[in-house]
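# Coordinate analysis (summary)
What follows is each chain in one-letter form.
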Amino acid sequence: MSTTASAPVSSRATSPTPVSHARLRQLSALRNGPGLLRMATHLGAIVVTGTLIQLVNSDHGLGWALPLILCQGFLVAFLFMPLHEAVHKTAFRTRRLNIAFGHLCGAAIGFPYEYYSVFHWEHHRHTQDPARDPELLVMPLPRSEAGLVLAFSGALQVYGRLRLMLQHAITGRVTAPWVPADRRGAIVREARSYLLAYALVLVGSIELQTPVLLLTWIAPLFFGQFLLRPYLYAEHTGCGRSRDAFENTRTTYASGIVKWFAWNMPYHVEHHAYPSVPFHALHELNGLVAEQILHGEQGYPRSVRKAWRWLYGVSQSRGEVSA
């Protein structure tokens, strides 16, 4: 997630030393095994937690199930991570696995795979460029403290992408400037397919008169945004505006469980500097480039706090200008 206003354009005296081509080729080798293991544990954790939610809700009531729903929120919302890796075609060596699991995760969080592929490609090409980075174009900077809280809740982002999916499906038109003409038809068909799938699931739930999907998917997805959105803001917010990934991106040294379910994306500088390197090799890549990272934080409390403070300063200054 990118956000920029008056961030420094450059703060590096010399360019970072690139990883050798031979080493980069080794690190960029794609494999199916790590992705299948990570995907199995991620989906497995969702199934197990969802089952526990149902059991606890049935035996003890919704109140006792709320902690599990919050845990499920983290797991469901963070399906964004395998979606992201699949968009890069680096989650698996087999292309069809990337596409299949990309659509599965995209449908689960309401972020269509084909559309996100184009959106994210432009983000990598124009990271932190306020005129061309889609992440900046779709989410204006907050103008008040209330706007900042709303932005960190993730509600605006979820509403925006669901509204866009509906627009694509109903109107048959894709107007986003970052979507090339030859991809628009596929994005419209994708949106219609996702909505059809949602309708079938809804009809099935009503017919069976079961709250399972509400308790194990919809509600957790909503609550999970309170964890996912701050995580995403920490990736770029307050970093520089140059084209150098070592300046415009932040790496956060997180716990093992966060790295596991975030598919190693806390190594975000490494990912932006060398996007061909799959998630399972980012830790090794970090060992080669760590000393060159300008924005590195120990743990997400620090990273999120930096992002919040920077955005708070922006919201205060913009509020004064507006007043």
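Source: prediction; values computed, not measured. (Residues numbered from 1 in each chain as written. Predicted model: local features only at pLDDT ≥ 70, side-chain atom pairs only at ≥ 80, totals over all residues. Heavy atoms only, no water.)

With that settled, the discussion passes to empty space enclosed by the protein. Any space left empty among the atoms is revealed by the rolling of a water-sized probe across them. Throughout the structure, instances matching the rule amount to two cavities of 30 Å³ or more. Approximately 50 Å³ is the volume attributed to the largest cavity. Here the lining of the largest cavity gets four residues from one element, more than from any other, and that element is helix α9 (residues 155-171). Per-class residue counts for the lining of the largest cavity are six nonpolar, one polar and two charged. (1 Å grid on protein atoms, 1.4 Å probe; cavity = no way out; pocket = protein on both sides within 12 Å on 5 of 7 lines; lining within 4 Å. Points joined across faces, edges and corners; volume = space filled by probe spheres on them. Helix = DSSP H or I, 4+ residues; strand = E, 2+ residues; numbered from the N terminus. Nonpolar A, V, L, I, M, F, W, Y, C, P; charged D, E, K, R; others polar.)

A separate point is a nonpolar patch on the surface. On the surface, Leu-70, Phe-222, Phe-223 and Phe-226 cluster together into a nonpolar patch covering about 390 Å² of accessible area. With three residues, helix α11 (residues 212-233) is the largest single contributor of residues to the nonpolar patch. Looking at where Leu-70 falls in the secondary structure, it is placed in helix α3 (residues 62-77). The class of Leu-70 is partly exposed, set by a relative accessible area of 47%. (Patch = residues over 30% accessible without salt bridge, like charges linked within 9 Å, V, L, I, M, F, W, Y side chains within 5 Å. Areas by Shrake-Rupley, 256 points an atom, 1.4 Å probe, with all protein chains shown as cover. Salt bridge = Lys/Arg side-chain N within 4 Å of Asp/Glu carboxyl O. Buried < 20%, exposed > 50% of the residue type's maximum accessible area, 1.4 Å probe, protein only.)

Counting residues in hydrophobic clusters, the biggest one holds 61 residues, and the most contacted among them are Phe-80, Met-81, Leu-83 and Tyr-231. In this structure, Leu-148, Tyr-233, Leu-311 and Val-314 belong to the second largest nonpolar core, which totals ten residues. (Core = buried A, V, L, I, M, F, W, Y, C linked by side-chain atoms within 4.5 Å.)

The subject of this paragraph is the confidence of the model for the protein. Model confidence for the protein is summarised by a mean pLDDT of 93, while 93% of its residues fall at 70 or above. Residue range residues 4-11 is modelled with pLDDT below 50. Its contacts to residues more than four positions away, or to other chains, number 25 contacts. (pLDDT = per-residue confidence, 0-100. Contact = heavy atoms within 4.5 Å.)

Empty space within the largest pocket amounts to approximately 620 Å³. Elements with a contribution of two residues or more to the lining of the largest pocket: α4 (80-87), α6 (113-125), α9, α11 and α14 (268-273). Tallying contributions element by element places α9 first for the lining of the largest pocket, with nine residues. Broken down by class, the residue content of the lining of the largest pocket amounts to 16 nonpolar, ten polar and five charged. Estimated volume of the second largest pocket: approximately 520 Å³. Around the second largest pocket, the lining is made up of 25 residues, and of these Leu-162, Tyr-198, Trp-217, Ile-218 and Leu-221 lie nearest the centre. Listed by contribution, the elements that provide at least two residues to the lining of the second largest pocket are α5 (95-109), α9, α10 (181-208) and α11. Broken down by element, the residue count for the lining of the second largest pocket peaks at seven residues, all from α11. Its residues placed into classes, the lining of the second largest pocket shows 19 nonpolar, six polar and no charged.

Quick look at unusual backbone geometry now. Of note, the phi angle at Lys-89 is positive, near 60°, even though the residue is not glycine. Looking at the element boundaries, Lys-89 is found in the loop between α4 and α5. Positive phi, normally seen in glycine, also occurs at Gln-209, with a value near 55°. When its relative accessible area of 73% is taken as the criterion, Gln-209 is described as exposed.

All right, on to the packing of α6 against α10 then. Where α6 contacts α10, the two axes come as close as 8 Å, and the packing angle between them is 135°. When the axes of α6 and α10 are compared, the pair comes out oblique. Facing α6, whose interface residues are Tyr-113, Glu-114, Tyr-115, Ser-117 and Val-118, α10 presents Arg-183, Ile-187, Glu-190 and Tyr-194. Looking at the contact of α6 with α10 residue by residue, the classes come out as five nonpolar, one polar and three charged. (Axes fitted to C-alpha atoms, helices over the stretch in contact; angles between N-to-C directions. Parallel < 35°, antiparallel > 145°, perpendicular 65-115°, else oblique.)

Looking at the element boundaries, Ser-153 is found in helix α8 (residues 145-153). Looking at Ser-153, the relative accessible area reads 10%, which means it is buried. Apart from residues lying up to four places away in sequence, Ser-153 is in contact with Gln-225, Phe-226 and Arg-229.

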